[in-house]
Amino acid sequence: MNTYLYIAVMALTTYAIRVLPLTLIRKPIKSTFLRSFLYYVPYVTLAVMTFPAILTATDSPMIGGLAMLVGIVSAWLGMGLLPVSLLCCGTVLALQFLI
Amino acid sequence: MNQKKFLEGLRDGLPIALGYLAVSFGIGISCHAAGITALQGFLMSLFNNASAGEYGGITVITENAGVWMMVLMTLIINARYMLMSCALSQKLSPDTPLGVRMLIGFDVTDEVFGIAIAQEGLLNVWYFIGAMCAAIPGWSLGTLFGALAGNVLPVWAMNGFSVMLYGMFLAIIMPEGKKNRVVLGCIGVSFVLSGLAARLLPMLSGGMRILLLTIFISAAAAILFPRESPDVDTENASGKEAHAA
């Protein structure tokens, strides 16, 4: 299927999610289950997206795995978005030349 | 037009735009790896303004998984914006025109929502529009640059850039996991089940695996560990600096 069509479908769906509560619904979400579900979704989905995909992002699963480890530790230590990602990138670049 | 509020929004949106530039550069790299052109990546970001949602969408496009898979994936991964828009609708003056509501609905992201909800009293829509004017170019141009970089960079450099996005994902989820044990548990379970599913269920496409595990694990966590606090407003406002779109 055409990529532009995919992008249009994606954009319309995203827009509907954002704009409906501002225009038609205009009420807070009361359901505890729904609120909790929506709270957990980003953390779960980003974790699922990261692993095991990071293992195949480079030429070697080991390098990818080590980059992930560096990312987890540096993020745990409180480093920001950019420093963590640069460290992951640096890990890959350095290991590629070492191995 | 309220010029003062517009400029305030623009000023607060600038740091957001710089952060976006880096994250969406990673999205652009993913686009390139998936065979999506720079123009397509630019348009995707311009009209979506969502990192996890776009990454999910890229998976669907790569696997050519069909329109309904795209709708479902986007719906689930971006569903949290509904929560933010609901909170935002309480912060708008009731007589805000429909057209203005439709305009600001275009860019309800974690960060723009965060600074908007942190405003005192009712939200002046010009503040929001100012923030949009910084955030949207940051996000879409970053994707464009990332996808273009994919065309000129050698493989060893691309390998490094391709893990940057995952690094940012980790930087978003780990701080919350440190604060909240349930989230930490969710992250751990997600890693393990995702790894197992990829290995043991190779017939499951990557997109389907992301979708099913997201629904399954988030629903299980919501049932086992429901969140009592109904105060989504303050919760999101406090996380404004760390979250990605």
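Structure: above.
Here's what I pulled together on the structure shown here. All of these numbers come straight from a predicted model, not from anything done at the bench.

Turning our attention to the overall build of chain A. A count of helices and strands for chain A gives four helices and zero strands. Ordered by position in the sequence, the α and β elements of chain A form the string α-α-α-α. With the principal axes as the frame, chain A shows a C-alpha extent of 60 × 40 × 20 Å. In chain A, which comprises 99 residues, the proportion classed as buried is 53%. When the accessible area of chain A is evaluated, it comes to approximately 4400 Å², of which 77% is carbon and sulfur surface.

This next bit is on helix H12 (residues 206-224) of chain B. Owing to its 3.6 residues per turn, the α-helix brings residues three or four apart onto one side. Taking 1.5 Å per residue as the helical rise, H12(B) with its 19 residues ought to reach 27 Å, and the 27 Å between its terminal C-alpha atoms agrees with that figure. Those residues of H12(B) that are buried are in contact with helix H2 (32-50) of chain A together with helix H3 (51-63), helix H4 (67-77) and helix H11 (181-200) of chain B.

The tally for this structure, following the rule as stated, stands at 13 aromatic pairs over all chains. Relative to A:Tyr40, the ring of A:Tyr39 lies with its centre 5.1 Å away and its plane at 65°, an arrangement referred to as edge-to-face. Judged by relative accessible area, A:Tyr39 falls into the buried class, the value being 8%. Judged by its relative accessible area of 2%, A:Tyr40 is buried. Put simply, the rings of A:Tyr15, B:Phe47 and B:Phe106 pair up and form one aromatic cluster. Its guanidinium or amino end placed over the ring of B:Tyr81, B:Arg80 lies 4.6 Å from that ring's centre, counting from NZ or CZ. The lysine or arginine in question, B:Arg227, covers the ring of A:Tyr39, its NZ or CZ lying 3.6 Å from the ring centre.

Cut-off values and rules
Residues numbered from 1 in each chain as written. Chains lettered and ligands numbered in written order. Predicted model: local features only at pLDDT ≥ 70, side-chain atom pairs only at ≥ 80, totals over all residues. Heavy atoms only, no water. Helix = DSSP H or I, 4+ residues; strand = E, 2+ residues; numbered from the N terminus. Buried < 20%, exposed > 50% of the residue type's maximum accessible area, 1.4 Å probe, protein only. Areas by Shrake-Rupley, 256 points an atom, 1.4 Å probe, with all protein chains shown as cover. Expected span 1.5 Å × (residues − 1). Contact = heavy atoms within 4.5 Å. Phe/Tyr/Trp six-rings, centres within 6.5 Å; stacked < 30°, edge-to-face > 60°. Lys NZ or Arg CZ within 6 Å of the ring centre and 35° of its normal.

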